[in-house]
Each structure stands twice: as C-alpha cells, then as structure tokens.
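For reference, the chains in residue letters:
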Amino acid sequence: MMNRFAVAFGRRAVSLTQRRLLNYDCFADRHIGPSDLDRQHMLHDLGFKDLDGLTNTNVPEAIRMKRPLNLPRALDEERMLKELRSIAALNEIRKTYIGMGYYNCIVPAVIVRNMLQNAGWVTQYTPYQPEVSQGRLESLLNFQTMICDLTGLDVANASLLDESTACAEAMTLAKRFNKRNTLVYDPNLHPQNIALLKTRAEPLGINLVPMDYNRVSLDKTTSAIMIQYPDTEGRVPLLDDLIERAHANGTLVIMVCDLLSLTLIRSPGDLKADIAVGSAQRFGVPLGYGGPHAAFMAVAKSDGRNNLARSMPGRIVGVSKDANGKLAYRLALQTREQHIRRDKATSNICTAQALLANMAAMYAVYHGPHRLTAIARTVHKSTAFLAHQLKASGRHEVVHEDYFDTLKIRVRDVDELKKRCEEKKINIRFFEDGKHVGVSLDETTDPEDISDLLYVFGITKSADDVESHLHETPAPLIGNSDHSRRSTFLTHKIFNTHHSESQLVRYMKQLENKDISLVHSMIPLGSCTMKLNASAELIPITWPKFSNVHPFAPHSQTQGYAKMFQDLEKWLCEITGYDSVSLQPNSGANGEYAGLLAIRNYLNSIGQDQRNVCLIPSSAHGTNPASAQLANMRVVPVESDRHGNINFKDLSAKVDKFSNELAAIMITYPSTHGVFESSIVDVCNKIHENGGQVYLDGANLNAQVGLCRPGDYGSDVSHLNLHKTFCIPHGGGGPGAGPIAVKSHLTPFLPGHPVIPVDGREESAVSAAPYGSSSILAITWAYIRLMGGNGLREATQMAILNANYMAKRLEEGFKIVYKDEQGLNAHEFIIDCKPFKKSAGIEVIDIAKRLMDYGFHAPTMAWPVHDCLMIEPTESEDKGEMDRFVDSLLSIREEIRQIEEGAMDREVNPLKMAPHPLYTVVNSDWNRPYSREVAAFPKPWCHSKHWPTVARIDDQYGDRNLFCTCAPMEAYS
Ligand SMILES: *Cc1c(COP(=O)(O)O)cnc(C)c1O
C-alpha cells in the first residue's frame, strides 16, 4: 500500500510532460473523490502526515490487517469490461420455456435506456425524505395501483423481494391475523415457493400441510390455504367452492398469481381471496438468472382494528398532502416497519425492489390495459395452438384442459425429446417422473419458435403455417369461460395516456426530475453508504449474456455466471477473512436471516437446541431484532456506554445470566455510533467462551475493507450489503444483495435450493433463485476488479479521512456525539441536534427539511440516536462537495442562532417552513418575515440546486386517511 501511495504521489509530483504512460490501475483515482492536494490539506487539518498515520491511529492494533489484500491487480474500465465480457460469453443463451415463475419478456428499449441505464433513476436513496422523492413515489404508487387492479384487491405494497419470500410473508401475515398455526398449501406451488415456506415455517413452529384437492381438510387451526394460480403445471383451477369452505372455517385464502394471466382470468378479488402475492418480473424486467425482480402483495380491506393492510409487511406508498394542502406522496404506516418496531415489526424487510417495481409499473403505463391484454391473448392463443397440435398428433397427452401459457405434457419418449431439444438449442421443463415435460410460452414467443417447439415434439409445421392458423384456434380462456375475467382494470388515466415513446420519455423525465439522486449532490446517509456507482460497473447488467438467463437453466449453460460467482466468493472471503460465501440472500435483512438460520441449524446439529437467546445492542439496526424474531430467537438488548461502545459490564451480566441459552450476539462494527471499539476481540471471546456464536452485521463494511477482517477478530458470520460498500446502486429503495460469509463450521448450513442445488445443498433456501439477485452481482465483481486490493484499501482510508474531516469542520457548530479515545471517528459520525429543541424550538426534522433548500438530501435521521443526524460522506465525495454540505449545515446553525437570539420568529422561520418549493417562493402573496432569497437561495450554489417539488408533507394525515392507489382525478385539480 505504501508503495502504491508513494507512486501515486510521485506521479502527480512530476510534470505532465514527464509522464506519458497510462496506468492500468488508475480507476481508484476516479472512484475516490478528493485530489492528492485536497487529501494533504485534510490530513494536515487533522494533524496527520498520511493516510496510514490516520488509520493506524483509529483502527485498534489488535485487529489491524498486517498484509495487503490478496486480490488480482486492478484494471481500468475498458480492460475490466473486456475481461467481464469474456466471462459473460461463457453463458449460453438458449430459447427457454422452463417457466416456473420466470418468463422471457421484452423490456421496452425506452425503459432500458431512460430508466434502467439512467443514474437519475437508479442512484436515489429510499424515499424517507418524500419532498425530494415525489417522482419515484408516484411511480411506486402506479405499481401499487396496477397490482390492486390486476388482483382485484384493495391495498398493495411496493414491494417484496421475490415471489417465494412473498409466499412466506403471506403465511406469517395470515398467522398474525387469525392467530392460527397451520398453512394448507397447494402441492402445485412452484417448488421454490414450497421451499421458502418450509424454511420460514420451521423456526416459527408453523404447521405445513400439503393440500389434497379432492379431500381438502380444514379445521380450527387452519390459518390459511395457499394456491398457485395458474399452478406450476399450468392449470387454472376452479376455486369458488374451496374459497367458500375456507371462509366458512375462518381460514384466509392466499393466491400466488401470475400478473399477465390476470388480464384474462378471474382476479383473486373476484374470487374473494384475501391475499394475493406474486412476481412482477414478466412485466418488463429481465430474467437476470433469477433477479432482481419485484414481488408484490395485495390484501383485501377489512374493517376494524385487526386489519390485514395495517399488518402487511414491506413498504407502502400512501397519498397525503403538503403544508399547503397540495397532494403529495410518502411512505405510509411506517410504524409497522423494523426501523420503528424492531422485534415487533411485521417483517424484517428494509431494502425492497423499488427500481424493479418502477420498471414494471412503467411497462404497464406504456402498454396500458389494451396492449397488455393483447400480449396475454397472443401468449394464450399460441399456447392453445401448441396444445391442439400436440393432441392432434396422437402421440402426446396434454394433461390439463384449462391453461393459460403453460402445458404439462405426457410424452412417450423423453430421451428422443431431449435429443431434439439439444439439436434446436431449446430448454423446456423435465418433470422428475421422467414421463412429463412442461412448456411455458411468453411474449417473446413467435411463430418460428412454435414451429421449432413442434419439431421437438416430432411435428412438422412451418412458421407461416403456424401464423396463419393461430387466430382460428379455440383457446380455453377466450370466449365465455368460467375462468374469464369479469372486471375492468388499469382504467386510471395514467395507464391510458403515455403510450407513445415521446410521451413516455417525457413522463419518466418529469418524474426523474422530482427526485434528488447522486447525479445532483452527495447523499450523506450514515450506515447506508451512498458511494459512486460507476458507469462502467453498471453497463454489464444489461448485456444479454447476463440478463437473458433463466435461473433454472442447466449448469452447462451458465458457466459464465459460475465463473463470476466463483471469483466473487473468493474475493469476498479474502476481504472478510471468512471461509465461504452464499450469494443467495437478496437483501441485507434476508442475509441476517440466513446467517441466524445457519447459526440455529449449526447449534441444533451439535445438540445445543436449547440455545435461543440473541443479544443485540440497543443501538443496532432495526433489521437485527426483526430478523432474530423470524429465526425465533429471543432478543435480549445490551446497553451502550457513553462512548457508543457496548457496555461490557452489561454484556457480561447478560452472558452470565443466559450462559446456557446463549445462541448468538449480533453486533455492528465499527459500532453504529461510528467508532472502532477496541474491546471487539474481548466481546467475541466472551461469547465463544459461553457457547454462543458471533454475528457481525457487515451491512456497511466501508470502514474495514483492507484494514481489518471480521473473520480474523472472532466473528463467525456476517452479511455484506453489496448495495452499500460494493457499489450496487440503491435504486431508490432496492434492489440489494446481502450475501453472507461464514467460518467453515457454518458452511454446511448455508442456503441451498430445491431446483438448482447450490454446492450440493437443497435445503434452507432463503430466496426464490439459487443465487438471489444474480445479475447485479456483476456490479460488485466489476468494482473489486477495478479497484484491486490497494485501491480498495485506499478507498476505505479515504472514507475515514473524509468523515473525520467533515466532523472536524462541523464541530464549529455542532457537538459530535461519539468519538474514540483518540478523538476520531470511523467512516461516519453523529451530530447532536437535541439542544436546539430547547434553545430555538427546532427539531432534527426541521434541519433535515431545511437542507433540501440548500440542494441536499438529509443524512440519516433519528437513528441510532434520537434527535441526531448520522453523516457518512464515503470516499467518493470530493472536498468541494463536502465543504458545500458542511457550509450548508453551518449556515443552518446560524439560522438557528438567529432564532435563539430572537432575530427570527420561533414559528415562522426558514427551518420550520422548510422545504420551500418553487411554487411557494413565486407565490404573489409572500408574507413571511424572511426574504425569498433566504428561503430559496441561502448560498450561491443554490442557484443550480435540485428543488423540492412539494412543501413539508403531513405524515399523520396520510396515515389517518390511508389511500394507497392513484388518487382519483379530482385530487389533482
Ligand atoms: C442497511 C443495513 C441493514 C439492512 O440491510 P437491507 O439491505 O436494507 O435489508 C442492516 N444493518 C445495517 C447496519 C445496515 O446499515
């Protein structure tokens, strides 16, 4: 490292003419914000000679890594892309009809280019600051409206992680609702859905009973029945009687639905189902070898306190109004969520799938109800044509009469079929009995494909033949069928307006412009690490060789992914000091769950099943207690001391008290208070001596990469949020990837998969796809490849320098709540805003909203300490940007001083009235005791700032008047 640093300085010290050769490892210089000169200034301000001087001071000697990371030498963008392209080329793309919840689809190019590949749509944070997030909130509301319409139910969320986890969430929602403990499930759910039910039910003691359609037995313990619709064999079942019986028994009905089919068949709402879940993947989201995709959940509205909507998991966007009564959107009912309710939360979901929900919603906005129905009819007609040809041949049996897009076919000679599939490079589903196959068609299937499929089944028909007979083929769902949909959908104006490309581009741009993202300014969110998401890192996700791979394609066709995963697993082990990695968890919280499950199953395997206590410091992220709850562990809080460290005395007392029941501790390092605790090794030892396991929350590894490794200082398992430290963009609230890394004794307990076993493991799946959100893992691969070991270490050191530089400057106006013994912070720090309540009547939220007038997104608010802001600049921010942010906060401090001194009104002042959207500033009757300039342009750079589009939003109003679909037209007038 010293070496590289010296070279770097040396390089810049010599004149340009003396340096004519490019360095291949120059990307780190572009990822890292501050110039060499700025670094020197900042180091000087803090009293250090170089970066090592700084980090050797605040990273405790006992845990410091004494050697460089052993990773491949860094490559620049062009060469990295060349290497990754050669890896992607190892994937073989075949025409795939496997189905099972994943379908080819056409992602409209206009959405690829203007949303998926657009930093203005992918680099926003979760919309916790709604005044600068109205664009994606509107789009997510479109998503919810689309889901409500298609499912025929009343309230939908936006969004869940995948269909299988959504099934599990529906199961626990039903249990919360009627306090019953048995789920009766359709054995024709997709196998990964059954697998997730099993994983999640076991620790919670929920009884799972497969349903026998002929003799469905329900009793007073039956919480819900869960039905796949259409089922995994393609059958569209008739459900009225079953649903009636369930309801008569007080049992809820959960339907796992295919969105496209719902344009043609009766909706869950029409069938009187209570809950619908499913995946929105085939609405314009690439397969990506399993993800990321958005799953959905919708519920029927019921009256009274025990209300399904109010105990739903995940994020719900709701309609409210701003301070001037103007319609505005925000996240509704947040008191259900882990960040507030912790172990009492309705789920552990934090990061969801916002970007993918936005893509799916935009697909529906673009196509509208008529084109969607036309797509569905074409798919269905094609399937019907195939079915008729198969039957007419007399050689094959089509098992079910009522299908939408999927046929289960009994064939005479499976081996011959396999041979022909190989010849035509086609993937279909082979059932385990060796007698049946499955074929699922989709919007990409054209007559030529059908002709090839028929060939596989020994039938000769030209594509022209297919095309000319498609229309006249009778199809089971078209015409007057018992299954036909009876209700309209997507009637709202938004789904009937933007059908031309010009209109859609403008609509997307209009929404994008309402949201603050990394294209505007730094987003200094403590614990969330909003760092650069470099263009070169993002480009590979749209390569067809990555995006067009079905998650259940055979291994022989997915060698490119296999190679990428292998590299990534190896590199993440080297970075963390662990022995193996599971890439399956598709969010940090899901990783926590997977890690705790591994601990639980390990303890059970060594005869320690009485161990169920999980110690969690009171400052922990809300997902920790919520995940522990899901793993059925007993959460016991541990106190922090006044330095923000774990209170070792309290820890010892708790460990002694529960020594025989201790399963694990979940700790965050550096602590959520932003300091490197020197006692970390002692904490780990203490837990191990008492038979427990150490779960180190590695969501945010940005202060550790290259400096210290959790696996070295005593931790057994961590999840790593690749959407924080490792450059996957936040997408405005997802996607994420939360792989877990473990010590070898936990390796056998990592997640497996029922369809595509992972390293031979079939049990304990935690996501629908074997490798979770596979396609975006390429981003992390690219980042590590671009940075190399030295670059990564330098990034960590710069993140720490930037944080300490900002903290030092901010001390002029604010108290830094926690520091280590040397007076330093790690990569983030907390400023105290509590005193202003008393001195000026100013709350931390007033400061957060006022920052918007300066063109900035607020830092993390009210967590982990109330009335505080937690700031994390990351290494990607340059000194100029950090200075503008610090100057803004100091200027706000001056405004507070004017209130304290009586020079500004305590009620009507720029903080209480913040933010100031353009429409209030230009209002003719401006009658406030401060000027418009003060309101909107308090600093010179504000002239080109991002403007909030609404005034302060009324949260209470929205929660009292819950409204979660597109507002009726009157609301806009
Ligand atoms: C972000 C975060 C999590 C949760 O990760 P998600 O991907 O949002 O589920 C957990 N712990 C810490 C410390 C975090 O910062």
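Not measured: the values here are computed from a predicted model. (Residues numbered from 1 in each chain as written. Predicted model: local features only at pLDDT ≥ 70, side-chain atom pairs only at ≥ 80, totals over all residues. Heavy atoms only, no water.)

1. So, the overall build of the protein chain
Regarding its fold elements, the protein chain presents 32 helices and 26 strands. For 973 residues, the compact-globule formula gives about 30 Å, and the C-alpha radius of gyration of the protein chain, at 28 Å, lands near that figure. Taking the principal axes of the C-alpha coordinates as reference, the protein chain spans close to 85 × 70 × 65 Å. The burial tally for the protein chain puts 65% of its 973 residues in the buried class. Summarising the internal contacts of the protein chain: among those between residues at least 6 apart in sequence, 77% fall at separations of at least 24. (Helix = DSSP H or I, 4+ residues; strand = E, 2+ residues; numbered from the N terminus. Rg over C-alpha atoms; globule rule 2.2 N^0.38 Å. Buried < 20%, exposed > 50% of the residue type's maximum accessible area, 1.4 Å probe, protein only. Contact = heavy atoms within 4.5 Å.)

2. Quick word on the UniProt feature "domain: Glycine dehydrogenase C-terminal" (unreviewed entry) in the protein chain
Those places that UniProt annotates as "domain: Glycine dehydrogenase C-terminal" (unreviewed entry) correspond, in this numbering, to residues 795-916. Taken end to end, residues 795-916 has its terminal C-alpha atoms 36 Å apart, with 44% of it in helix and 10% in strand. (UniProt positions renumbered as here; feature names shortened; annotations may be inferred.)

3. A word on the pairing of strand β20 (residues 693-698)
Of all 6 residues that make up β20, 6 are buried, and the element is covered over most of its length. Side chains Gln693, Tyr695 and Asp697 of β20 all project onto a buried face; the interleaved residues Val694, Leu696 and Gly698 project onto the opposite face, where all are buried too. Looking at chain direction, strand β19 (residues 662-668) and β20 are connected through 5 bridges and run parallel. Along β20, the bridge assignment pairs Ile667 with Leu696. Crossover β19 to β20 through helix α24 (residues 680-689) is right-handed. Strand direction decides the pairing type here: β20 and strand β21 (residues 717-720), joined by 4 bridges, are parallel. Pairing of Gly698 across the sheet is with Leu720, part of β21. (Pairing = 2+ DSSP bridges. Right-handed = clockwise from strand over helix to strand, strands pointing away.)

4. Some thoughts on the nonpolar core
Across soluble globular proteins, nonpolar side chains have a tendency to be buried as a group. Within the largest apolar cluster, 235 residues are counted, with the highest numbers of intra-cluster contacts made by Phe143 and Met146. The greatest single-element share of this core, amounting to 21 residues, is contributed by helix α13 (residues 354-393). The contact partners of Phe143, leaving out residues within four places of it in the chain, are Asn157, Ala158, Ser159, Ala280, Ala294, Ala295, Phe296, Ala357, Ala360 and Ala361. Of all hydrophobic cores here, the second largest spans 36 residues; its members include Val155, Leu173, Val277 and Cys964. (Core = buried A, V, L, I, M, F, W, Y, C linked by side-chain atoms within 4.5 Å.)

5. Quick look at the site of the ligand
Neighbouring the ligand are 15 residues, the closest being Thr351, Ser527, Gly588, Asp697 and Lys724. Within the side chain of Asn721, one N or O atom sits 3.0 Å away from an oxygen atom of the ligand. The contact in question runs from an oxygen atom of the ligand to an N or O atom on the side chain of His723, over 2.7 Å. Protein burial of the ligand: of its 380 Å² of free accessible surface, 99% is covered by the chains. Counting residues per element, the shell around the ligand draws most heavily on helix α21 (residues 588-605), which supplies 3 residues. (Near = heavy atom within 4 Å. Polar contact = N/O pair within 3.5 Å; in protein donor to acceptor, adjacent residues only side chain to side chain. Areas by Shrake-Rupley, 256 points an atom, 1.4 Å probe, with all protein chains shown as cover.)

6. Quick notes on the side chain of Ser320
Relative to the elements of secondary structure, Ser320 occurs in strand β9 (residues 316-321). Within the structure, the side chain of Ser320 is placed 2.5 Å from the backbone oxygen of Asp954, a separation counted as a polar contact. When sequence neighbours within four positions are dropped, the list of residues in contact with Ser320 reads Lys326, Leu327, Ala328, Arg330, Ile953, Asp954, Tyr957 and Gly958.

7. Focus: the layout of surface pockets
Its volume calculated, the second largest pocket comes out at about 710 Å³. Among the elements of the structure, α10 (191-204), α14 (414-424), β13 (426-427) and β14 (429-430) are those that each provide at least two residues to the lining of the second largest pocket. Tallying contributions element by element places α14 first for the lining of the second largest pocket, with 3 residues. (1 Å grid on protein atoms, 1.4 Å probe; cavity = no way out; pocket = protein on both sides within 12 Å on 5 of 7 lines; lining within 4 Å. Points joined across faces, edges and corners; volume = space filled by probe spheres on them.)

8. Some thoughts on the UniProt feature "modified residue: N6-(pyridoxal phosphate)lysine" (unreviewed entry) in the protein chain
Those residues carrying the UniProt feature "modified residue: N6-(pyridoxal phosphate)lysine" (unreviewed entry) are Lys724 in this numbering. Inspection of the secondary structure puts Lys724 in the loop between β21 and β22 (740-742). A relative accessible area of 7% places Lys724 in the buried class. Not counting residues within four places of it along the chain, the set of residues in contact with Lys724 comprises Ser527, Cys528, Thr529, Lys531, Ala699 and His730.

9. With respect to the sheet that holds strand β4 (residues 207-210)
Spatially, 7 strands are ordered β2-β8-β7-β6-β5-β3-β4 in an open sheet, and the strand pairing comes out mixed. Lying at the two open borders of the sheet, with one neighbouring strand each, are β2 (155-156) and β4. Contacting β3 (182-185), β4, β5 (222-229) and β6 (252-258), α10 crosses the sheet at an angle of about 170° to β3. (Axes fitted to C-alpha atoms, helices over the stretch in contact; angles between N-to-C directions.)

10. With respect to the pairing of β21
Along any regular strand the residues' side chains alternate between the sheet's two faces. Side chains Val717 and His719 project from β21 onto one buried face, and the interleaved Ser718 and Leu720 project onto a second face that is buried too. As judged from the 3 bridges shared by β21 and β22, these two strands associate in the antiparallel manner. Along β22, the bridge assignment pairs Val717 with Val742.

11. Here's the deal with the side chain of Asp820
Note on placement: Asp820 falls in the loop between β23 (815-816) and β24 (829-832). Lys819 provides the closest opposite charge to the buried, unpaired Asp820, separated from it by 8.3 Å. Side-chain polar atoms of Asp820 contact the backbone nitrogen of Leu824, separated by 2.8 Å. Leaving out residues up to four positions away in the same chain, Asp820 has contacts with Asn58 and Val675. (Lys, Arg positive; Asp, Glu negative; His and termini not counted. Salt bridge = Lys/Arg side-chain N within 4 Å of Asp/Glu carboxyl O.)

12. A closer look at helix α29 (residues 879-900)
For α29, spanning 22 residues, the distance from its first C-alpha to its last is 31 Å, which sits close to the expected 32 Å at 1.5 Å a residue. The backbone nitrogen of Gly880 has a side-chain oxygen 3.0 Å away, supplied by the residue at the start of α29, namely Asp878. Looking at the residues trailing α29, positive phi occurs at Gly902, about 85°. (Expected span 1.5 Å × (residues − 1).)

13. Quick word on the environment of Arg30
By the element assignment, Arg30 lies in helix α2 (residues 27-31). Separated by 328 residues in the primary sequence, Arg30 and Asn358 have C-alpha atoms spaced 30 Å apart. What Arg30 contacts, discounting residues up to four positions off in sequence, is Asp76, Glu77 and Leu532.

14. Points about the sheet that holds β20
Reading across from one edge, β16-β22-β21-β20-β19-β17-β18 is the order of the 7 strands in this open sheet, with mixed pairing throughout. Only two strands of the sheet have a single partner each, and these edge strands are β16 (580-582) and β18 (634-638). Taken over all neighbouring pairs, the strand axes of this sheet differ in orientation by 25° on average, direction set aside. Most of the contacts of α21 go to β20, to which it runs at about 170°, and overall it touches β17 (613-617), β19, β20, β21 and β22. Along the sheet, helix α23 (residues 648-657) makes contact with β17, β18 and β19, crossing β18 at roughly 150°.

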